[in-house]
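Here's the letter readout for the chains.
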Amino acid sequence: MRSPATTRLVELEGVGRKNWIKIVPTYVAKGQMQLAGDSYELEFREIESAADYESYERLESFHYRGRSTDTEPGVTDDGPKGVGGRKGVVLAVLRVGSKSRVVGYIELQMPLMMCKPRHNLFSFPFSHPATGIEWKTWLGDGQQHVNLIVRIARVVVDPEFRGLGISSQLVEQAKQYAASRWHVGGRRPLFIEISAEMLRYVDFVTRHGLLHIGDTEGNLERIFKDLRSIERGASGKSQIMSLQRRYHAAFGAYCEQTGRSFDEARVILSELLVKHDPRSAMPSDEWLAFRPLLRFPIPYHLAGLDSQAASYVTTSLAKLRSINGSYQVTTTQEAIPEEVVNERHKTQVRLRAIEVWVDHELSLSAFVRLAMDSFGIESPRLRTKLLGPVDIELAAGNIFLVTGSSGAGKSILLDAICGKSTHGLLLRGRIERGGKRAAELESLPSSVPLLQYFGERYGAERAFDVLCRVGLSEAMVFIKPFSMLSMGQRYRAMLADLLLSGADIWVIDEFCSNLDPVTASVISTQIRRLAKQHGIVLVAAAANVSHFVADLAPERILVVRTGGETLLMGMKEFQDGLYEKGI
């Protein structure tokens with residue numbers, strides 16, 4: 001239920017009526033999303049009803065920070081644990097006609113008090129004439145203004161709609177919402193920040209002006225000092241001291257469970273933390289015990305919400321870099337080296353007068369003889385053309401779709417492009433792949449956790465990057481084995497493996513045949529983008545294509561029909577005829 005149109009305002013502290021903040025009507029903004037070849041309206045708005053709140057709670061279950069993942073059936077989980085203070089939520093709502101569905105949200109919270117990259121950036125003098133806010137040093141007179149920062153605490157997108165750019169649009173809406181609606185004590189924010197480990201692998205915020213300032217400090221270097229201070233009786237009511245006492249309680253539980261003294265346990269922890277990768281070096285039982293104590297450094301991004309604040313961020317960041325030396329943002333947005341991509345853009349696949357024939361000597365059993373006599377078959381040898389001739393030339397980045405009736409030879413043509421031979425079939429003509437390697441979409445080992453499979457083969461950073469880019473950014477998916485994934489998730493995982501395989505030609509039979517229309521649309525959009533980005537020749541085949549062809553948008557489509565007839569056409573001709581319906 002929408003609030004009445006009456007506008008309510010709250011007066012900003014000491015800046016007059018022209019800077020009042022609007023409270024109602026609630027925040028609403030418009031966007032668009034491409035799905036199944038059509039453009040749909042996205043509405044970004046605050047929670048307005050009980051139904052909105054239920055949708056928000058449903059999506060919240062896909063954010064696992066602080067949430068139990070082993071709750072017994074029938075036992076209520078209290079949900080993710082957040083920090084106190086103000087919170088704001090902007091929903092992303094997909095509208096189709098009179099129907100709507102909440103497909104994501106972004107949550108804003110008050111900032112954390114301690115953040116080393118922010119302290120470094122704000123160590124330079126700041127002045128904001130429009131509000132009169134200024135400081136000479138952040139830790140001196142500036143930190144009193146900490147509530148002029150708003151924090152992006154969570155970005156959650158419905159798993160069915162990941163990979164369509166919704167998270168990116170939510171970040172932009174968060175900036176607009178923060179600038180126009182967020183306030184603490186009637187004071188507008190000047191800066192927006194986010195810190196998250198996933199930004200190390202998938203950067204969806206830099207394009208919206210949130211710059212990588214550095215990595216948070218973590219506590220690996222000071223955890224020993226913190227534990228010793230608490231052990232000797234340090235006290236206090238600050239947030240930091242409360243956190244340290246929780247560390248100490250977890251450490252004490254480990255000592256009690258293992259029978260080790262405090263100092264013995266400290267030595268074990270110290271030996272583990274000097275390892276290059278402490279997380280991997282720990283045995284499982286020690287990792288579970290020490291995990292609540294340890295905070296690893298994570299990427300921190302920040303942006304100004306008006307021109308003066310944005311200028312201060314970029315200027316201060318340039319000063320920091322000149323002092324500390326230039327550094328590169330730690331991300332792996334490009335999973336494949338640039339020189340490999342450039343080489344792939346030279347790839348071509350040529351099919352020269354390709355024909356596929358059945359050539360099979362019959363086994364003359366009694367039943368085969370009966371069939372031959374019943375239908376008047378004379379020769380004991382079957383030789384007939386299934387498909388062709390086909391002449392086509394595909395450049396790097398081209399998408400080639402083969403469709404038509406079942407049994408007309410689609411799969412056989414794809415096998416030939418892969419260099420596979422099939423017993424009883426004869427291939428005439430010539431396929432030229434320019435020395436490039438073709439790879440098929442294949443199932444993964446069924447019992448290995450997904451991130452382990454990809455991490456061991458390709459490294460953790462590339463694994464995170466590619467899995468997220470194919471829409472597998474849900475925490476539980478990373479730790480599940482392939483056999484426990486849904487069909488859509490399996491398809492995405494196999495696509496990630498194909499992307500990381502290094503092949504120049506991707507061959508996918510029965511493309512999206514076992515996926516629902518929404519997932520097929522998302523997958524088609526993603527694979528088209530990846531093929532273009534990496535200079536891949538994509539060859540796909542399917543009998544039913546109406547639910548994805550607009551999103552895949554192939555350059556060339558080959559329609560095959562029983563008896564060998566083939567029709568080669570472009571996308572417009574295909575959609576204008578009966579071919580899209582399989583006729």
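Residues numbered from 1 in each chain as written. Predicted model: local features only at pLDDT ≥ 70, side-chain atom pairs only at ≥ 80, totals over all residues. Heavy atoms only, no water.

## Section: the overall build of the protein chain
Here comes step 1: For the protein chain, the count of helices and strands is 20 helices and 21 strands.
Here comes step 2: Taking all 583 residues of the protein chain together, the buried fraction comes to 47%.
Here comes step 3: The contacts of the protein chain with a sequence gap of at least 6 include a subset with a gap of at least 24, amounting to 70%.
Here comes step 4: Looking at the protein chain as shown, the accessible area adds up to about 28600 Å², and 51% of this sits on carbon and sulfur atoms. (Helix = DSSP H or I, 4+ residues; strand = E, 2+ residues; numbered from the N terminus. Buried < 20%, exposed > 50% of the residue type's maximum accessible area, 1.4 Å probe, protein only. Contact = heavy atoms within 4.5 Å. Areas by Shrake-Rupley, 256 points an atom, 1.4 Å probe, with all protein chains shown as cover.)

## Some details on the sheet that holds strand β19 (residues 537-542)
Adjacent strands of a sheet form backbone hydrogen bonds with each other and so pair up, either parallel or antiparallel.
Here comes step 1: Spatial strand order, β17-β18-β19-β15-β20-β21: six strands in an open sheet with mixed pairing. Sheet topology places β17 (438-440) and β21 (566-569) at the edges, where each strand pairs with a single neighbour. The average undirected angle you get between the axes of adjacent strands in this sheet is 15 degrees.
Here comes step 2: For β17 and strand β18 (residues 505-508), the ladder comprises three bridges, and the chain directions are parallel. The residue of β18 that forms the bridge with Ala439 is Trp506. (Pairing = 2+ DSSP bridges. Axes fitted to C-alpha atoms, helices over the stretch in contact; angles between N-to-C directions.)

## With respect to the environment of Phe62
Here comes step 1: Take Phe62: it is sitting in the loop between α1 (50-60) and β5 (87-96).
Here comes step 2: The spacing of Phe62 and Met476 is 414 residues in sequence and 8.4 Å in space, taken between C-alpha atoms.
Here comes step 3: Residues in contact with Phe62, not counting those within four places in the same chain, are Val156, Pro159, Arg162 and Glu474.

## A closer look at the side chain of Arg162
Here comes step 1: In this structure, Arg162 sits in the loop between β9 (149-157) and α4 (166-180).
Here comes step 2: Looking at Arg162, the relative accessible area reads 8%, which means it is buried.
Here comes step 3: At 2.7 Å, the side chain of Arg162 and the backbone oxygen of Val157 are in polar contact. (Polar contact = N/O pair within 3.5 Å; in protein donor to acceptor, adjacent residues only side chain to side chain.)

## What about the confidence of the model for the protein chain?
Here comes step 1: Of the residues in the protein chain, 81% reach a pLDDT of 70 or more, and the chain-wide mean stands at 79.
Here comes step 2: In the predicted structure, residues 66-80 sits below a pLDDT of 50 and forms 17 contacts with residues beyond four places in sequence or in another chain. (pLDDT = per-residue confidence, 0-100.)

## Quick word on the packing of helix α17 (residues 487-500) against helix α18 (residues 517-534)
Working note: a packed helix pair is described by the angle between its axes plus the distance between those axes.
Here comes step 1: Contact pair α17 / α18: the axes reach a minimum separation of 11 Å and the direction vectors enclose 5 degrees. Of the possible angle classes, the one that applies to α17 and α18 is roughly parallel. Touching Gly488, Tyr491, Arg492, Leu495 and Leu499 of α17 are Thr519, Val522, Ile523, Gln526, Ile527, Leu530 and His534, all from α18.
Here comes step 2: Taken together, the residues of the contact of α17 with α18 break down into seven nonpolar, four polar and one charged. (Parallel < 35°, antiparallel > 145°, perpendicular 65-115°, else oblique. Nonpolar A, V, L, I, M, F, W, Y, C, P; charged D, E, K, R; others polar.)

## Here we look at the sheet that holds strand β6 (residues 99-109)
Here comes step 1: If you walk across this open sheet you meet the eight strands as β3-β4-β5-β6-β9-β10-β12-β11, and the pairing is mixed. With one partner strand each, in any of the chains shown, β3 (28-35) and β11 (211-215) form the two edges of the open sheet. With direction set aside, neighbouring strand axes in the sheet form an average angle of 30 degrees.
Here comes step 2: Across four bridges, β11 lies against strand β12 (residues 299-304) in antiparallel orientation. The residue of β12 that forms the bridge with His212 is His301.
Here comes step 3: Taken strand by strand, helix α10 (residues 307-324) contacts β10 (191-195), β11 and β12, and its axis lies near 45 degrees from that of β11.

## Overview of the pairing of β12
Here comes step 1: The buried count for β12 comes to six of six residues, which makes it a mostly enclosed element.
Here comes step 2: Neither face of β12 is exposed, since Pro299, His301 and Ala303 on one face and Tyr300, Leu302 and Gly304 on the opposite face are all buried.

## Section: the nonpolar core
Here comes step 1: Within the largest apolar cluster, 54 residues are counted, with the highest numbers of intra-cluster contacts made by Leu450, Phe454, Tyr491, Trp506, Phe511 and Phe548.
Here comes step 2: No other element matches α17, which puts eight residues into this core.
Here comes step 3: Among residues more than four places away in sequence, those in contact with Leu450 are Leu444, Leu467, Leu472, Val477, Phe478, Lys480, Pro481, Leu485 and Ala493.
Here comes step 4: Of all hydrophobic cores here, the second largest spans 35 residues; its members include Phe161, Trp182, Leu210 and Val522. (Core = buried A, V, L, I, M, F, W, Y, C linked by side-chain atoms within 4.5 Å.)

## Describing the pattern of salt bridges
Pairing is possible between side chains that carry opposite charge, provided their charged atoms lie close to one another.
Here comes step 1: What the rule picks out here adds up to 17 salt bridges.
Here comes step 2: Between Glu43 and Lys30 there is a salt bridge, with its nearest N and O atoms 2.9 Å apart. Here Lys30 lies in strand β3 and Glu43 lies in strand β4 (residues 38-46), a separation of 13 residues in the sequence.
Here comes step 3: Residue Lys30 is classed as exposed on the basis of its relative accessible area of 52%.
Here comes step 4: With its nearest N and O atoms 3.7 Å apart, the salt bridge here joins Arg528 to Glu555. (Salt bridge = Lys/Arg side-chain N within 4 Å of Asp/Glu carboxyl O.)

## Considerations on the side chain of Thr216
Here comes step 1: Mapped onto the fold, Thr216 is located in the loop between β11 and α5 (223-231).
Here comes step 2: Not counting the four nearest positions on each side in its chain, Thr216 is found in contact with Cys115, Pro117, Ser195, Phe296, Pro297, Ile298 and Tyr300.

## Here's the deal with the packing of aromatic side chains
To describe a pair of aromatic rings, one takes the distance between the centres and the angle between the planes.
Here comes step 1: All chains considered together, the criterion is met by 18 aromatic pairs.
Here comes step 2: When the ring of Phe122 is compared with that of Tyr312, the centres are 5.8 Å apart and the planes differ by 45 degrees; the resulting orientation is tilted. A residue pair is termed long-range when its members are at least 10 positions apart, and Phe122 in the loop between α2 (116-121) and β7 (126-128) and Tyr312 in helix α10 qualify at 190 residues.
Here comes step 3: The class for Phe122 is buried, based on a relative accessible area of 0%.
Here comes step 4: Ring plane angle 65 degrees and centroid distance 4.7 Å describe the contact between Phe126 and Tyr312, whose orientation is recorded as edge-to-face. Taken together, the positions of Phe126 in strand β7 and Tyr312 in helix α10 put the pair 186 residues apart, joining distant regions of the chain. The residues Phe126 and Tyr312 share a single accessibility class, namely buried.
Here comes step 5: A cation over a ring is seen here: Arg86 above Trp182, with NZ or CZ 4.4 Å from the ring centre.
Here comes step 6: We note Arg490 situated over the ring of Phe482; from NZ or CZ to the ring centre the distance is 5.5 Å. (Phe/Tyr/Trp six-rings, centres within 6.5 Å; stacked < 30°, edge-to-face > 60°. Lys NZ or Arg CZ within 6 Å of the ring centre and 35° of its normal.)

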